[in-house]
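# Architecture and fold: a report
Residue-level listing of the chains:
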Amino acid sequence: MALLDETAEGVYVITVTPFTEAGALDLDSIDRMVDFYLDKGATGLTVLGMMGEAPKLTAEESRIFVRRVLKRVDGRVPVVAGVSASGFAAMAELSESVMGDGAAGVMVAPPSNLRTDDQILSYYATVAETLGAKTPFVLQDFPLVTQVQISAAVILKIVAAHPSCVMLKHEDWPGLAKISALRAASDQGGRRVSILVGNGGMFLPEELSRGADGAMTGFAYPEMMVDVWKAHAAGQVERAHDLFDAYLPLARYEQQPGLGLAIRKYTLAKRGAIASATLRKPGGALSKTDIADIERLIARQERRLKEIG
């Protein structure tokens, strides 16, 4: 598999991590999940993301999970692995492992203790040095979780200084002006990197119109992101919005803090992508009323999709 580079586009689905009812890694469901995502049109997969319960895995489980995904993918699409860690030694070890197993690149989010622009620039300089020039990396900008505010100007400095930074995972809320600023800079001769967006695709049509190259996020219906991206790329902007609107109520419901991953896993299990909706503790649990809400939203979504064709 070729390494990740600045031309990446499409939909890189952030995978969930399937567990058995007892909380162990479900290896068979990993295979089913990969097949499901690829069948729905994913152009890449991202594993060990924040919504993938990566912090709940042991170091050995992380390696087992990534290897299983890579084996099932078998080179059909690029796989990016999250390697964010509290220390650079752990980051280097996991990065070396996943890249050695065939990952296309790695993703690094800033630690929450960074406060100034100089601290952010210094941190990513050390990231680039730690990973090595041959390992392409994704800068994950997710201030809602990390509490680290990275301006467009700082991102441009990181991109200019480190050729191995080939992608921005843009997860500001919504940060549309930041995308516009980054694209304006590259249009004026600055280095252009891929921009894939997160937040469950909640602002996907608008982000695509600002110059994003696709999405890197999760949703129980990944085909929404794929179809919206394809329609937008084909110049069918209104069609892209119509498709997005049909899925929006469920996408919004899935964004609930504390319950979002439980909702996503419930729906993925319902769709046959994984055998169990189990979250490893600690994790949110759905009530009967929550499930009734989800079922109603799915039914309404299906009706609307039939109406728009």
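Scroll up for the structure.
The text that follows walks through the structure, step by step, so that each part is easy to find. These numbers come from a predicted model, not from an experiment. (Residues numbered from 1 in each chain as written. Predicted model: local features only at pLDDT ≥ 70, side-chain atom pairs only at ≥ 80, totals over all residues. Heavy atoms only, no water.)

## Quick look at helix α6 (residues 152-161)
When we look at burial in α6, the residues that qualify are Ala152, Val154, Ile155, Ile158 and Val159. With its buried residues spanning 160 degrees around the axis, α6 presents them on a single face. Residues of α6 that are exposed and point more than 90 degrees away from the buried face comprise Lys157 and Ala160. On its buried side, α6 packs onto α4 (117-131), β5 (137-141), β6 (165-170) and α7 (176-187). (Buried < 20%, exposed > 50% of the residue type's maximum accessible area, 1.4 Å probe, protein only. Helix = DSSP H or I, 4+ residues; strand = E, 2+ residues; numbered from the N terminus. Arc of directions from axis to C-beta. Contact = heavy atoms within 4.5 Å.)

## A word on unusual backbone geometry
At the junction of Trp173 and Pro174, the peptide bond is cis and its omega measures out at -10 degrees in the coordinates. Mapped onto the secondary structure, Pro174 falls in the loop between β6 and α7. Note that the residue after Lys281, namely Pro282, is joined by a cis bond; omega there is 0 degrees. Along the chain, Pro282 falls in the loop between α11 (260-270) and α12 (288-308).

## Notes on the sheet that holds strand β2 (residues 44-47)
Strand order in the closed barrel formed by 8 strands is β1-β2-β3-β4-β5-β6-β7-β8, with parallel pairing between adjacent strands. Direction aside, the axes of adjacent strands within the sheet are offset by 25 degrees on average. Strands β2 and β3 (79-82) of the sheet are contacted by helix α2 (residues 59-73), whose axis makes an angle of about 170 degrees with β2. Along the sheet face, helix α3 (residues 88-101) touches β3 and β4 (105-108) and points at about 150 degrees away from the line of β4. (Pairing = 2+ DSSP bridges. Axes fitted to C-alpha atoms, helices over the stretch in contact; angles between N-to-C directions.)

## Points about the environment of Val159
Tracing the backbone through its elements, the reader meets Val159 in helix α6. Val159 sits 60 residues away from Phe219 along the chain, and the two C-alpha atoms are 29 Å apart. Beyond its immediate stretch of four places on either side in the chain, Val159 contacts Cys165, Arg191 and Val193.

## Some remarks on empty space enclosed by the protein
This model, assessed by the stated rule, comprises 1 cavity of 30 Å³ or more. Put simply, the largest cavity is a space of about 60 Å³. If you go around the largest cavity, the residues you meet are Ile155, Leu156, Val159, Leu182, Arg183, Ser186, Arg191, Arg192, Val193 and Ile195. Counted by class, the lining of the largest cavity contains 6 nonpolar, 1 polar and 3 charged residues. (1 Å grid on protein atoms, 1.4 Å probe; cavity = no way out; pocket = protein on both sides within 12 Å on 5 of 7 lines; lining within 4 Å. Points joined across faces, edges and corners; volume = space filled by probe spheres on them. Nonpolar A, V, L, I, M, F, W, Y, C, P; charged D, E, K, R; others polar.)

Treat this as a map of the structure, not an account of what it does.
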